[in-house]
Amino acid sequence: MCSLALFPAPLPDGQTTLCESNNELLSGSDAEERPKQELSPLSLFFPRESLKLHSRTESSSRAAFLDHSETLWMRSAAAWRDSGLTGLLTEITNSHTEVPKCLSVSSGCTLALLQWVSSFHGSLFPHLTLSSEDMIAEFSQVLNWSDCVVRAFAWHPHTDKFAVALLDDSIKIYNPKSATTPTLKHRLQRSVAAVQWKPLCASALAVACQNCVLVWHVDPCSLSTRPSSGCAQVLSHPGHSPVTSIAWSPSGSLLASASPMDTAVMVWDVAAESCVPLQRVGGGGVTFLSWSPDGSHVLAPTPSALFRVWETRMWTCERWPCVKGRCQSGCWSPDGSRLLFTVQGETVIYALTFTDAPGISTGTSKGPQAAAVVADLSETSFNTAHGDVIVGGEIQSLAWDPRGERLAVLLKGDPQAADRPAIIAVFKTRTNPVFELLPCGFVQGEADAEPRLMQFHPSFQHGALLTVCWSSGRITHVPFYFLSAGVPHFGLSGSPLLPRPQERCSALANQSLFTEMIS
Amino acid sequence: MADCSAQVICWRAAASIAWAVLLLPPVTAVFVILSRFSLLHPIHTISECFSLLTSAGAIFSLILLCGVILMVGFLNLEYYTVIPTIACSKIALLGQLLHPRQFVNSSAHCIMGIIVAWCCAVTIGGRYETIGYPCTHSDGSTHMCLNEYHLILLLAGAFVGFSHSLLGVIHNMNFVSFHTVQQYKYLRFKGSLPLVVKCSATQALYSVRNYVVVYFFLGYIPKAWICKTLNLHLNSSIHPLDSIAGLLDLSLLYHLWISATFLLFTWYITLLLFRIFVTEVYNFPVQSSFTEEAHQCLPKVLTDKEPMILKFLALQDLALLSQHSPSRRCEVFSLSQPGGHPHNWNAISRECLSLLADLTQRLVAYHDTVATNGRAKSLSTGSERKTSSETSVTSGTEDLMSPRPTLMMKTPASVFARSIVGGPQSPLTAPFTPDLDSPFASPSLRRLTAPVEQCSPWHGTVQSPHVMRRVPKLWSTSTDSQANGSPPPSPASVASPQQQTSKPSLLAQFLQNRKEQVKHFLAKRVLIMYLFNKLPEASSQALFADSQAHIWALEGISYLIQASFSEDQFGVVQTALPSILSCMLVLQEAVDRHFKLPHASSKPLRSASSMGDPTYKTLRFALRATLKTAIYRITTTFGDHLNAVQMSAEHRKRLQQFVEYKD
């Protein structure tokens, strides 16, 4: 069952996907051709050259400034402060001329023992040997994170504003209704892996940084373009770094954060700046978090072939061992009853169904017994005017629009091979009365730009709006105009203004790829 | 009435103590192994430990330790509180420490510390085992001599027990906080266990350090006293321990530390178990078909004031049921069978709104106090005593003005003010604020503090905080500050300025001058300044000390309103929506104003490794966040339908900001 064979062929170079209307993806060759939509939010472009990057990290510049004639005590204290016990031991071992011989020898032995133990630990969980930047790149939902100009993106859940985290560790907030674009910078805001706005709040923005989670409070009425770092709360816990994923509960009361180095998921009470670690043995860390839209479950994959689904009433979890690799990405249906996830090394999308009997106040929802394969995205070759193009393969991330009608899948492709581009495949989905998956098409950008990051607008009126951040530093928005089947619409005024009405209806679009069997 | 429910607390406490007693043998075994361990003979040590643990002496000391745990558990139950007591100045803290109740607590902990230390001494054995030993003097005669090692361990137990009890007051260790993340008891216990180990180890370290210093200087006093009373002699051939050489004994220090850790660990475990058991969610029935069980139902328990923990448990249950349980929500929205009245919803919403209105009133009163006296009110407590006679004159009007606070007011008053005024007196901290006492200010306040129905918009806009803010100004300036688009206020308040201007009499002015003089005089004394100076943010913390209740009330009511959009078949919530919204908006305004005060928005320092729960220090931030979220929850649920809700123009404007996500 190859799902991609039913897709329309990818566009030739130079053509970009503009929008979907009348069940068909429309493309254009030039930006000028874009229909002027009154609802189109800001399309942005961040050229790589415009960003001032940090040339070197803090530790490498230290040698240029530090006075080396400090006493041993001072250097030991500094080493302890900077890199803990190993730093202290290294310092003592290195300065063997100043300390007694037995001390330097014993610290050298301890250091060797520590390294041996940590290498043993690292052989159990290979990801622990990565540097924190590499670790973020490895586990991020963003394709090729370390090279990305736009490293994280987040729509506000209720309004038309969004936050963009850039390569230079700054975050910009764009609001179409306001002229000011605040830029957030903080001493601790390094290697931003994810940003997310707090639901049911106008101002709070959580940022997953290298060593901590920052919660910015950006007053939407303020005219300041550089909010001071006093507006940010710092949430840190020893051993909980780098933070690769954060998730607010949909009720806005709790914030969960995850780090591949820490086996515990931290659940923060942000106002009190206190956290509850949810510790479970096994897995070696937590890479990604996704809170279901109804707030009842949290998906928490680990770096090994195991993921957990936490139930948020009493915070118990189900273990889900995978066969092949770790769980790479996942997304929830809007009612929180269905979880789609992908596994590294496999080219399929799995589904899990959670049926929580209403009215039962105990949090023991009986989950499913096994995951079902809903889509197979193995490599498929398409004949286009410019030669064959192979699409498919491993999946980087999944995104499901808030109405549950479009599912976007970011395929990794192969950066070395020109005919295997990274591409976004979009499915039409239906969750009621049965779960169905239909092909929609591919979303492509300009030539030489590959998609890195995508997110659906949480409250788009006329269907779904997919925001894509490209490797060129451009952020574009692809609207999907449709009338939601689930939402009743009133009269003709409710129907969206279609930019380019087409008579022909795609025949392909009606072939179902996956239909759930009702037994 | 609430006996059945109050019994729940006792049963929970009993269960927690039982678990603590059950955990005692393994903890003691670990302690024995750690205290007698020697690197050179590991096997020998372990076999020795096993034979020791099964001996009669060990069993006797285990029974003693069980008695201590029972006592600690009882003291926990007796002294716990869900609303922390916050001292606003050094002198208030001193007052708390010297309170007779606290004295009883401290001495009990001292005695229990000695008992635990005796058990430790017996189990460690060796040179610590007995208090006396036979020794020969230089002249050849044999006496019983004092074993100073035994004594130093016993005194260490007393010292650690005493300092535990003192630190308990300073860190509010008897405060029981409720967690936002619900977990099963076992998982919560397992999660907090490393913290308890760390806390007891570090606390023991500090206590032993202090103890060693104290013993070095004052150790001769108990030594001489014990020798005299027990008729023991001092062995002059052995080095005394209250000297530098005597105390620099690593093995002694290690045994002191491990014993103190053991003592604190068992007590902390008891405290932790007590907290976990007592704060567990309790499911109150929403309604009962039997009338004799009606007093156990949620609406009834919510309105009860005593015991406070039941009210908190009921509010917690309300917040959870409104969030997670559609069937129980359905019961809340249901109508009574004969009559068709939404009694459940009415009782719940009335109680929640009265809680919120109470907090609003407290905040407004506090803000007015600070605003009239300015920031210079830092030195006040010393002179409050003298002016309390004035308060008693005006207290009559205040009593009329403010309804009885539903919760016990913990206000930033000094000890003196609290002890003198006491009881259900007004929460107003500074008695010398003429505005609040004056009959002029009362209409607005009265309107605000009046029962909930008065919060509704049909009573005109005078009660809105915008106007209220101007009331104190009105007195000194002209009346045209009223012209802010709102309808003219009641004629009574317009007429009053003329009466007011002539009121301050000569006597009042004289008293005012004297007060200023006394204040000035006292301000020059450094010690008095130190003792009486207000601790920064303490008054803010004290204002919000019981805000966990308000947070749950806000969450409960906002989730119920959100659910009512689809679940409320009879429209019972709609009738209350205007009053709820205006109540929340008034509170929002008051909270916003409070956070503009100095120190109100400064974050407390995060102190790790203490068993005291510091959540009470950040309750005001939690309340602010919850309040905003609650309003947003209502506005996002109802959206444009809110335009149909009747409310004053100013509230509509505020609400519009929330609808547009601009706040």
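Since this is a predicted model, take the numbers as computed values, not measurements.

### Some points on the overall build of chain B
So, point 1. A count of helical and extended segments in chain B gives 27 helices and two strands.
So, point 2. By the burial criterion, 53% of the 663 residues in chain B qualify as buried.
So, point 3. A total of about 30,400 Å² of accessible surface is found on chain B, and carbon and sulfur atoms cover 65% of it.

### Here we look at the interface of chain A and chain B
So, point 1. Each side of the interface is counted separately: chain A has 27 residues, and chain B has 27 residues.
So, point 2. Here chain A is connected to chain B by one salt bridge.
So, point 3. We note a salt bridge from Glu273(A) to Lys603(B), for which the minimum N-O separation is 3.7 Å.
So, point 4. Counting across the interface, chain A meets chain B through three residue pairs in polar contact (both at pLDDT 80 or more).
So, point 5. Breaking the side of chain A that touches chain B down by element, the ones donating at least two residues are strand E11 (232-235), strand E14 (264-269) and strand E15 (274-279) of chain A.
So, point 6. Counted by class, the side of chain A that touches chain B contains 14 nonpolar, eight polar and five charged residues.

### Topic: the domain arrangement of chain B
Residues and elements named next belong to chain B.
So, point 1. Assigned domains of chain B: these are domain 1 (2-279) and domain 2 (310-372 + 535-661).
So, point 2. Facing 31 residues of domain 1, the contacting portion of domain 2 comprises 21 residues.
So, point 3. Between domain 1 and domain 2, roughly 2,200 Å² of surface is buried when both sides are summed, and carbon and sulfur atoms account for 70% of that area.
So, point 4. Looking only at domain 1, the three residues that lose the most surface to domain 2 are Ile-86, Cys-88 and Phe-178, adding up to 25% of its buried area.
So, point 5. Run the count over domain 1 and domain 2 and you get zero salt bridges.
So, point 6. For the pair domain 1 and domain 2, the interface holds three residue pairs in polar contact (both at pLDDT 80 or more).
So, point 7. At the level of secondary structure, the elements contributing two or more residues to the side of domain 1 that touches domain 2 comprise helix H1 (3-36), helix H7 (185-218) and helix H10 (250-278).

### Details of the UniProt feature "transmembrane region" (unreviewed entry) in chain B
Residue and element names in this part refer to chain B.
So, point 1. Under the local residue numbering, the UniProt record ascribes the feature "transmembrane region" (unreviewed entry) to residues 17-37, 49-73, 110-129, 149-170, 212-234 and 254-278.
So, point 2. Its end C-alpha atoms 30 Å apart, residues 17-37 is made of 95% helix and 0% strand.
So, point 3. Span residues 110-129 is 75% helix and 0% strand, its end C-alpha atoms 20 Å apart.

### Side note on the packing of helix H24 (residues 547-567) of chain B against helix H25 (residues 572-594) of chain B
All names here are of chain B.
So, point 1. Interhelical geometry of H24 versus H25 gives an angle of 140° and a closest axis separation of 12 Å. Taken together, the axes of H24 and H25 are oblique relative to one another. For the pair H24 and H25, the crossing hand works out as left-handed. Residues Leu-554, Ile-557, Ile-561 and Ser-564 of H24 pack against Val-573, Leu-577, Ile-580 and Met-584 of H25.
So, point 2. Of the residues belonging to the contact of H24 with H25, the class tally is seven nonpolar, one polar and no charged.

### A look at unusual backbone geometry
All names here are of chain A.
So, point 1. Each neighbour pair has its own omega, and for Ser-241 with Pro-242 the value is -5°, a cis peptide bond.
So, point 2. Residue Asn-144 is not a glycine yet carries a positive backbone phi of 55°.
So, point 3. Considering the arrangement of structural elements, one finds Asn-144 in the loop between helix H4 (132-139) and strand E4 (150-155).
So, point 4. With a relative accessible area of 37%, Asn-144 lands in the partly exposed category.

The rules we used
Residues numbered from 1 in each chain as written. Chains lettered and ligands numbered in written order. Predicted model: local features only at pLDDT ≥ 70, side-chain atom pairs only at ≥ 80, totals over all residues. Heavy atoms only, no water. Helix = DSSP H or I, 4+ residues; strand = E, 2+ residues; numbered from the N terminus. Buried < 20%, exposed > 50% of the residue type's maximum accessible area, 1.4 Å probe, protein only. Areas by Shrake-Rupley, 256 points an atom, 1.4 Å probe, with all protein chains shown as cover. Contact = heavy atoms within 4.5 Å. Salt bridge = Lys/Arg side-chain N within 4 Å of Asp/Glu carboxyl O. Polar contact = N/O pair within 3.5 Å; in protein donor to acceptor, adjacent residues only side chain to side chain. Nonpolar A, V, L, I, M, F, W, Y, C, P; charged D, E, K, R; others polar. Domains from an automatic or database assignment. Buried area = accessible area lost by both parts, 1.4 Å probe. UniProt positions renumbered as here; feature names shortened; annotations may be inferred. Axes fitted to C-alpha atoms, helices over the stretch in contact; angles between N-to-C directions. Parallel < 35°, antiparallel > 145°, perpendicular 65-115°, else oblique. Left-handed = near helix turned anticlockwise from the far one by under 90°.

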